[in-house]
Amino acid sequence: MRVVKTFYIETFGCQMNAHDSEKVIGTLVARGYSQVATPEQAELVFYNTCSIRDKAEQKVFSRLQQFKKEHGKGKTFAVLGCVAQQEGERIFEKAPHVSLVCGSASYNRLPEMLVQLESGNRRVTGLSLDTDETFDTPLTRRDNPHRAYITIIEGCDKSCAYCVVPFTRGPERSRASASIMAEAGELAAAGYTEIQLLGQNVNSYRDPSPAGWDFATLLAHVGRTPGIRRVRFTTSHPRDFVREIVDAIDANPSLCNHVHLPVQSGSTRVLEAMQRLYTRDDYMRRIEWIKSARRPIAITSDIIVGFPGETEADFEETLALIEEVEYDSIFSFKYSRRPNTPALALGDQIPEEEKGRRLAVLQERQRAIQVRRNATYLGRVEECLVEGFNKATGQWIGRTSQNKTLNFIRPARNAEDNLLGSYIEVKVTRAGPNSLAGESVH
Ligand code: 5AD
Ligand code: SF4
């Protein structure tokens, strides 16, 4: 009889990482491991790591050190994900208590790596990037009972000058459309109503099977899955974002009114230095397609300030672009130097202080845009998927198709009603910069 082992897993980084952890958990549980809620209770401690910016990477090492000092005796530590891939065996030197280092392109090999760990090997690695496989597993343990992630494409073949992802997640590989459709059908049958299609660049999806679907075709098919009410997708690369994607959204009400289209900079000169493969005009053309859709589609973005060589005039162009697009929200970052990336070779680094100033200016401008944008929702009725309940305020927490948080009360109803997972029509009565509030209309 095999002894049941306990494990704890902590996840940093993007949705791809969150979903990878769900698959890793499924793999571990299938091998007889049982998940526990705190690292103290666990024999095996996993960190699924992110290295997108220096801060994210530092956090991993400080977590590892801190935990070892406090509770590390007798435990086995494993580092997964992007820092694992990037640092490889150097992790064993920096943190000798770690026994397994495995990047996401090697998760298919986890079962055999677990066998090695169980037999006492304290230096187990999975670091090859040379793969044409995706990590498809029927064993995924999903975290959220209503919304499920589906990976459609892994890795990235772009070479944005600032970005570690091509080095940490390997080459682009798309999953067969039949496998994606089967998973969507199973999720619907299991009661999920929202699907989020995931990939570093979903727009370059290319079905490897003879059906040969492109991303817009896949989107249209997933959107017709009976029982699935909402489909989202992330993330998009402007270079590969085609008009057919907007047409698919227009044609199919279950495709959400939201596109996340990271611009990174409003200056064509900086975009070129970033090796983004589009100009400001190319980007604005895509925004026009989205804005001319029959339904109003929310637009969000990622922006980096202080890329090497970014002048005040370049930065002003970014400020002008956010005003022109009128983003519903943005994620904004100070440029961070990453190992192996082409931008390391660029001169003219922007001082930290100046990056901080630009970030603050950008965020303040964006906040004003959001106040304006959200105010246009006042009086509108929006359908919300109910995701939570805030005991302190007595409000339900809903999410609109545009991916906005809409907190609401339900007057004249039994407070015991459990609305979680249901779809409720809510009239917006208040609008702040980051969320909306309202009352259910039935
Ligand atoms: N520095 C700062 N931000 C970065 N991003 C990616 N790499 C870096 C970096 N080196 C941002 C980009 C990307 C988002 C996920 O993280 O804006 O779209
Ligand atoms: Fe972080 Fe990028 Fe890796 Fe996601 S793919 S975990 S954002 S480094």
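The structure presented is a predicted model; accordingly, all values stated were derived computationally and were not measured.

The rules behind these values
- Residues numbered from 1 in each chain as written.
- Chains lettered and ligands numbered in written order.
- Predicted model: local features only at pLDDT ≥ 70, side-chain atom pairs only at ≥ 80, totals over all residues.
- Heavy atoms only, no water.
- Helix = DSSP H or I, 4+ residues; strand = E, 2+ residues; numbered from the N terminus.
- Buried < 20%, exposed > 50% of the residue type's maximum accessible area, 1.4 Å probe, protein only.
- Contact = heavy atoms within 4.5 Å.
- Areas by Shrake-Rupley, 256 points an atom, 1.4 Å probe, with all protein chains shown as cover.
- Lys, Arg positive; Asp, Glu negative; His and termini not counted.
- Charge placed at Lys NZ, Arg CZ, Asp CG, Glu CD.
- Pairing = 2+ DSSP bridges.
- Axes fitted to C-alpha atoms, helices over the stretch in contact; angles between N-to-C directions.
- Domains from an automatic or database assignment.
- Salt bridge = Lys/Arg side-chain N within 4 Å of Asp/Glu carboxyl O.
- Expected span 1.5 Å × (residues − 1).
- Near = heavy atom within 4 Å.
- Nonpolar A, V, L, I, M, F, W, Y, C, P; charged D, E, K, R; others polar.
- Parallel < 35°, antiparallel > 145°, perpendicular 65-115°, else oblique.

**Student:** How do you make sense of the overall build of the protein chain when you look at a structure like this?
**Tutor:** A count of helical and extended segments in the protein chain gives 13 helices and 19 strands. For the protein chain, the residues scored as buried account for 56% of the 442 residues in total. Restricting to contacts in the protein chain with at least 6 residues of sequence separation, those with at least 24 account for 73%. Here the protein chain has roughly 19100 Å² of accessible surface; of this, 50% comes from carbon and sulfur atoms. Here the protein chain carries 57 positive and 56 negative side-chain charges, and the mean point of each set is 4 Å from the other.

**Student:** I'm lost on the sheet that holds strand 10 (residues 194-198) in this one. Help?
**Tutor:** Picture the strands of a sheet paired through backbone hydrogen bonds; they go either parallel or antiparallel. The 3 strands lie next to each other as 7-10-11, forming an open sheet whose pairing is parallel. In the strand order of this sheet, the two ends are held by strand 7 (147-151) and strand 11 (230-234), each with one partner. When strand polarity is set aside, the average angle formed by the axes of neighbouring strands in this sheet is 25 degrees. Pairing of strand 7 with strand 10, which is carried by 5 bridges, proceeds in the parallel orientation. Residue pairing in the sheet places Ile 150 in a bridge with Leu 197 of strand 10. Strands strand 10 and strand 11 of the sheet are contacted by helix 8 (residues 215-223), whose axis makes an angle of about 155 degrees with strand 11.

**Student:** So what exactly am I meant to see when it comes to the domain arrangement of the protein chain here?
**Tutor:** A common measure of how large an interface is: the accessible area buried when the components associate. Entries for the protein chain in the domain assignment read domain 1 (6-126), domain 2 (147-375) and domain 3 (381-440). Between the C-alpha centres of domain 1 and domain 2 the distance comes to 28 Å. Taken together, the contacts link 19 residues of domain 1 with 22 residues of domain 2. Counting every contact that joins domain 1 to domain 2 gives 4 salt bridges. Glu 57 is the partner of Arg 338 in a salt bridge, and the nearest nitrogen-oxygen pair spans 2.4 Å. Elements with a minimum of two residues in the side of domain 1 that touches domain 2: helix 1 (15-30), helix 2 (54-71) and helix 3 (81-87). For the side of domain 1 that touches domain 2, the leading source of residues is helix 1, giving 8 residues.

**Student:** Help me understand helix 1 in this model?
**Tutor:** Note on helix geometry: an α-helix contains 3.6 residues per turn, so any two residues three or four positions apart are oriented the same way. A rise of 1.5 Å per residue sets the reference length of helix 1, with its 16 residues, at 22 Å; its end C-alpha atoms lie 23 Å apart and thus fit the reference within 8%. Within helix 1, 12 of the 16 residues are buried, leaving the element largely enclosed by the surrounding structure. Of the residues flanking the end of helix 1, it is Gly 32, one or two places downstream, whose phi is positive at about 95 degrees.

**Student:** It is not clear to me how the site of ligand 2 should be interpreted in this structure. Could you clarify?
**Tutor:** Cys 14, Asn 17, Cys 50, Ser 51, Ile 52, Cys 82, Val 165, Arg 169 and Gln 200 make up every residue found near ligand 2. Looking at the shell around ligand 2 residue by residue, the classes come out as 5 nonpolar, 3 polar and 1 charged. Residue contributions to the shell around ligand 2 reach at least three from each of two domains, namely domain 1 (6-126) and domain 2 (147-375).

**Student:** I'm lost on the sheet that holds strand 14 (residues 329-334) in this one. Help?
**Tutor:** Judged by pairing direction, the sheet is parallel, and its 3 strands sit side by side in the order 12-13-14 without closing on themselves. In this open sheet, the two edge strands, each paired with only one partner strand, are strand 12 (258-260) and strand 14. Neighbour-to-neighbour, the strand axes of this sheet turn through a mean angle of 10 degrees, independent of strand direction. The strands that helix 13 (residues 352-375) touches are strand 13 (298-305) and strand 14; relative to strand 14, the one it contacts most, it runs at about 175 degrees.

**Student:** Looking at this structure, I do not really get the packing of helix 8 against helix 9 (residues 243-251). What am I missing?
**Tutor:** When two helices pack together, their arrangement is given by the angle between the helix axes and the distance between those axes. Across the interface, helix 8 lies against helix 9 with an axial gap of 8 Å and an inter-helix angle of 10 degrees. Between helix 8 and helix 9, the angle falls in the class roughly parallel. Two secondary-structure elements touch here, helix 8 through Phe 215, Ala 216 and Leu 219 and helix 9 through Glu 244, Ile 245 and Ala 248.

**Student:** Is there a simple way to think about the environment of Ala 345 in this case?
**Tutor:** Considering the arrangement of structural elements, one finds Ala 345 in the loop between strand 14 and helix 13. Overall, the relative accessible area of 71% leaves Ala 345 in the exposed class.

**Student:** Mind showing me how you'd approach the pattern of salt bridges here?
**Tutor:** Pairs can form between side chains of opposite charge once their charged atoms are near each other. Counted by the stated rule, this structure contains 36 salt bridges. Where salt bridges share partners, they join Arg 147, Glu 194, Arg 232, Glu 387 and Arg 399 into one cluster.

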